[in-house]
Structures are given as C-alpha cells and as structure tokens.
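The primary structure of each chain is shown beneath.
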Amino acid sequence: MTQLLNAHQTAARLPWRALVDEIARLLRDGSVEVPPRLVQALPGGGSLFVMPALDSRVAITKLITFTPANAGTGRPAIQGDVVVFDVATGQRQLVLDGPTVTARRTAAVSAFAAQRLAPDTQGPLLVVGAGVQGKAHLEAFAEVLNTREVVIASRGAASAQALALHAQSLGVQARVVQDANAAIADCSLTVTCTPASGVVLDALPRKDAFISAVGAFTPQMVELSPGLCQHFAAQGTVFVDTADALHEAGDLLQAGLDVSRFATLADVVRQDIKKPAGLVLFKSCGWAGWDLAAARVALA
C-alpha cells in the first residue's frame, strides 16, 4: 500500500540534520539524474511545476502549483505532492506533501550552504520574510547551526510577531524590526524568503556576512538589489545551488553578472572548496534533486 502523508507526517519524516546530511550524499552520488523542470504558466499568474528526478533506487516527480495571488488569502502559495517510486519494481511507495517538502528541503539547502561556506555561523540570523520559508529557515538554522538569536523583518507585522513567538518556543532569542537594511550590519547570517516581487535588501552587509537568497527563482523575480549582488561579486564570493541558476537566478541576472562563473554546491562538495575568508552570497533557485534527497530521507 502506498503511504499518503499529510503535512505533519511529511515533516516528521524529514528531520533537519538527516536532510542536510542527505543533501551532501546526493551531491556525491553519480547515479543522480535531474531532467529540466517543466514550468507551465497558468491563467491568472500562477504556474504549474513538473519536476522529476531519480537515482539508482528511487524516482520522484514533484507536481505543484505556485500561485502568488494567494498571498494574504489564507490559501498557500504552493500546493501539490511529491510522488516517490521504487526504480526496480516501479511501485509507488510514498506521496509526500509538496509544500512541506519544498519548505524543508529549501531551508536545509540554505543551512547546508551556511554550514559549508559562511565565514561566521554564530549569527545573529536576519530572516527577511515571515511566511512558510521564513519559519522553515529559522528552524533549520536553529537545529543545524545552533543559531540562538534571530532578527525578523517582514511587511506583515502579525506574521513577524508570530514567527518571533515560534523562535522563542525553540529557545531562540527573537526581535522584530521594521527595516531589514538597518539590521543587516549587525547580522552575520541572512536569509531572504520573500515572494520576490521587489528588492528587499540593498544595504551593504558586514565584512563576514553570509546571505542565502531563496525567494527569486525566475529571471523576473528579485530580492537583492543589483548593487548588492555586484558588491558580493566584486568584494566576496558568490555561489549558486545548481547550474540551472544560469537561467533562473533573477537577482544575479538583473545585476548583469555572469552566473556561469559561480561555483555550485556540487562543486563545493566534489572539489572540497573551503570557506571563503570574506563575504558570501548563496543564490538558491530550487532543484528537483533536493526533493529527491528529501524522498530518500523519508524512505529511510
């Protein structure tokens, strides 16, 4: 019988440390194949994503909708499933909650990147955006990097306060600020988790800063100003999650940067790239390989 897991059950199958460890293993696994994802525009501004991936044992397809117009309505922006198959038998083994997988694998990738690349992992952590991804990143950084102080900036005051209360329930000191640009100079870690409908960060960070920008995953989307991206490229080091960032990383593309020259997480793992000494920008666009890593953890 196929196990159909709801959001709570899916989250329980994806503990943060196991997910981060599996991401590292997947990047070393030569059997992994990830075809290009299909993104079909829908009437009204939404999109349908079909994202397959496989290794020698497991094949998955993530089928989700992304509906930006749902923001503020109580309906989730991301809806759908991740279907997990056994390669040898073709049997469907699991159906995971798509939004939960997306949130947890994205935050785990950011935590893994910070673990491997951030000059100073002590924090404080600045979280820009207090939605599903903001919550997931707070939890991942608290668990994986032992982050104990967080600063939250969000356009929604109620969601920011709710995330602060959640942080405190995890034993993390939290405060809400109105201006992310004013707070960034005090934070060694930053994650931007917004709908990426406009620039939310343009102030220059401290010299040991690490930023994970996850909101923008199309050329039209943006969270970081062109000047900030250019500053990281000139004065620090830029990394991307995969080579697909070449045509997806809106922040970097709108800054006029040559994305092909930036190392990927696979390069970091396979070439054993060490932590840079200065500024680090990590641009995450999403990849079905991360969903495959989540499926492998859920099966285990």
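Summary of the structure given here. Note that residues are indexed from 1 along each chain, following the sequence as it is written. Under the rules for a predicted model, residues below a pLDDT of 70 receive no local features and side-chain atom pairs below 80 are neither given nor counted, while totals for whole chains, interfaces and linings still include all residues. Where side-chain values are given, they derive from all heavy atoms of the structure, hydrogens and water being excluded.

1. Details of the overall build of the protein chain
Piece 1. Going along the chain from the N terminus, every DSSP run of H or I of four or more residues is numbered as a helix, and every run of E of two or more is numbered as a strand. For the protein chain, the helix and strand inventory stands at 10 helices and 16 strands.
Piece 2. Overall, the C-alpha framework of the protein chain stretches about 55 × 40 × 40 Å when taken along its three principal axes.
Piece 3. Between buried and exposed lies partly exposed: a residue is buried under 20% and exposed over 50% of the maximum accessible area for its type, with that area taken using a 1.4 Å probe on protein chains only. Taking all 300 residues of the protein chain together, 53% fall into the buried category.
Piece 4. A separation threshold of at least 6 residues defines the contact pool for the protein chain, and within that pool the share at least 24 residues apart is 67%.
Piece 5. Under the convention used here, a 1.4 Å probe and the Shrake-Rupley method define accessible areas, while residue burial counts only the protein chains that appear. For the protein chain, the accessible area works out to roughly 12600 Å², and carbon and sulfur atoms hold 53% of it. Note on definitions: a residue-residue contact is assigned when non-hydrogen atoms from the two residues lie within 4.5 Å.

2. Some details on the sheet that holds strand S9 (residues 173-177)
Piece 1. Criterion used throughout: strands pair if DSSP finds at least two bridges between them. Read from one edge of the open sheet, eight strands run S9-S8-S7-S10-S12-S16-S14-S15, paired in parallel fashion. A strand with exactly one partner marks an edge of an open sheet, and here the two such strands are S9 and strand S15 (263-264).
Piece 2. Bridging between strand S10 (residues 189-192) and strand S12 (residues 210-213) involves four bridges; their strand directions are parallel. Looking across to S12, one finds that Thr 190 is bridged to Ile 211.

3. Quick word on the packing of helix H3 (residues 98-117) against helix H10 (residues 288-299)
Piece 1. Between the N-to-C directions of two axes lies an angle of 0 to 180 degrees, each axis being a line fitted to C-alpha atoms and, for a helix, fitted only over the stretch in contact. Where H3 contacts H10, the two axes come as close as 9 Å, and the packing angle between them is 105 degrees. As judged from the angle between their axes, H3 and H10 are roughly perpendicular. Contacts from Val 101, Arg 105 and Val 109 in H3 reach Trp 290, Asp 291 and Ala 294 in H10.
Piece 2. In terms of residue class, the contact of H3 with H10 is built from four nonpolar, no polar and two charged. In this scheme, roughly parallel covers angles under 35 degrees and roughly antiparallel covers those over 145, while 65 to 115 is roughly perpendicular and the rest are oblique. Under the scheme applied here, ten amino acids are nonpolar (Ala, Val, Leu, Ile, Met, Phe, Trp, Tyr, Cys and Pro), four are charged (Asp, Glu, Lys and Arg), and all others, including Gly, are polar.

4. Section: the pattern of salt bridges
Piece 1. When a carboxyl oxygen of Asp or Glu is within 4 Å of a side-chain nitrogen of Lys or Arg, the pair counts as a salt bridge. Scanning the entire structure with this criterion turns up 14 salt bridges.
Piece 2. Put simply, Asp 272 and Arg 116 hold a salt bridge, and the shortest N to O gap is 3.7 Å. On the criterion of sequence distance, the pair formed by Asp 272 in the loop between helix H9 (265-270) and strand S16 (280-283) and Arg 116 in helix H3 is long-range, its members being 156 residues apart.
Piece 3. A salt bridge links Lys 283 to Asp 251; the nearest nitrogen and oxygen atoms lie 3.6 Å apart. On the criterion of sequence distance, the pair formed by Lys 283 in strand S16 and Asp 251 in helix H8 (residues 250-254) is long-range, its members being 32 residues apart. Of the two residues, Lys 283 and Asp 251, both sit in the buried class.
Piece 4. Bridged by salt links that share partners, the residues Glu 22, Arg 25, Asp 29, Asp 55 and Arg 296 form one connected network.

5. Topic: helix H5 (residues 157-169)
Piece 1. In this model H5 runs 19 Å from its N-terminal to its C-terminal C-alpha over 13 residues, within 8% of the 18 Å that 1.5 Å per residue would give.
Piece 2. Listed in full, the buried residues belonging to H5 are Ala 160, Leu 163, Ala 164 and Ala 167. One face of H5 carries all of its buried residues, which in axial projection span an arc of 105 degrees. Among the exposed residues of H5, those pointing more than 90 degrees away from its buried face are Ala 158, Leu 165 and Ser 169. What a helix is expected to span follows from its residue count: subtract one and scale by 1.5 Å. An arc is given here, and it is the one of the directions from the helix axis to the C-beta atoms.

6. What about the side chain of Asp 55?
Piece 1. Its location among the elements puts Asp 55 in the loop between strand S3 (47-54) and strand S4 (58-66).
Piece 2. Residue Asp 55 is classed as buried on the basis of its relative accessible area, which comes to 3%.
Piece 3. From its side chain, Asp 55 meets the backbone nitrogen of Arg 57 in a polar contact 2.7 Å long.
Piece 4. By the criterion applied in these results, polar contacts are pairs of N or O atoms within 3.5 Å in which, for protein atoms, one can donate a hydrogen and the other can accept it, and in which residues neighboring in sequence qualify only through two side-chain atoms. Here Arg 296 takes part through its side chain, which lies 2.8 Å from a polar atom of the side chain of Asp 55.
Piece 5. Dropping the residues within four chain positions of it, Asp 55 is found in contact with Asp 29, Ser 31, Val 32, Val 87, Leu 292 and Arg 296.

7. Thoughts on the pairing of S10
Remark: a regular strand shows side chains that alternate across the two faces of the sheet.
Piece 1. Taking every second residue as pointing to the same face, both faces of S10 are buried, with Leu 189 and Val 191 on one and Thr 190 and Thr 192 on the other.
Piece 2. For strand S7 (residues 125-128) and S10, the ladder comprises four bridges, and the chain directions are parallel. Each residue of the ladder has a partner; that of Val 128, found in S10, is Thr 192.

8. What about unusual backbone geometry?
Piece 1. Note the cis peptide between Gly 123 and Pro 124, where omega equals 5 degrees.
Piece 2. Mapped onto the elements, Pro 124 comes out in the loop between H3 and S7.
Piece 3. Look at Asn 146: it is not a glycine, yet its phi comes out positive at around 60 degrees.
Piece 4. Its location among the elements puts Asn 146 in the loop between helix H4 (132-144) and strand S8 (149-153).
Piece 5. The class of Asn 146 is partly exposed, set by a relative accessible area of 48%.
Piece 6. You will see that Ala 196, though not glycine, has its phi angle at about 60 degrees, which is positive.

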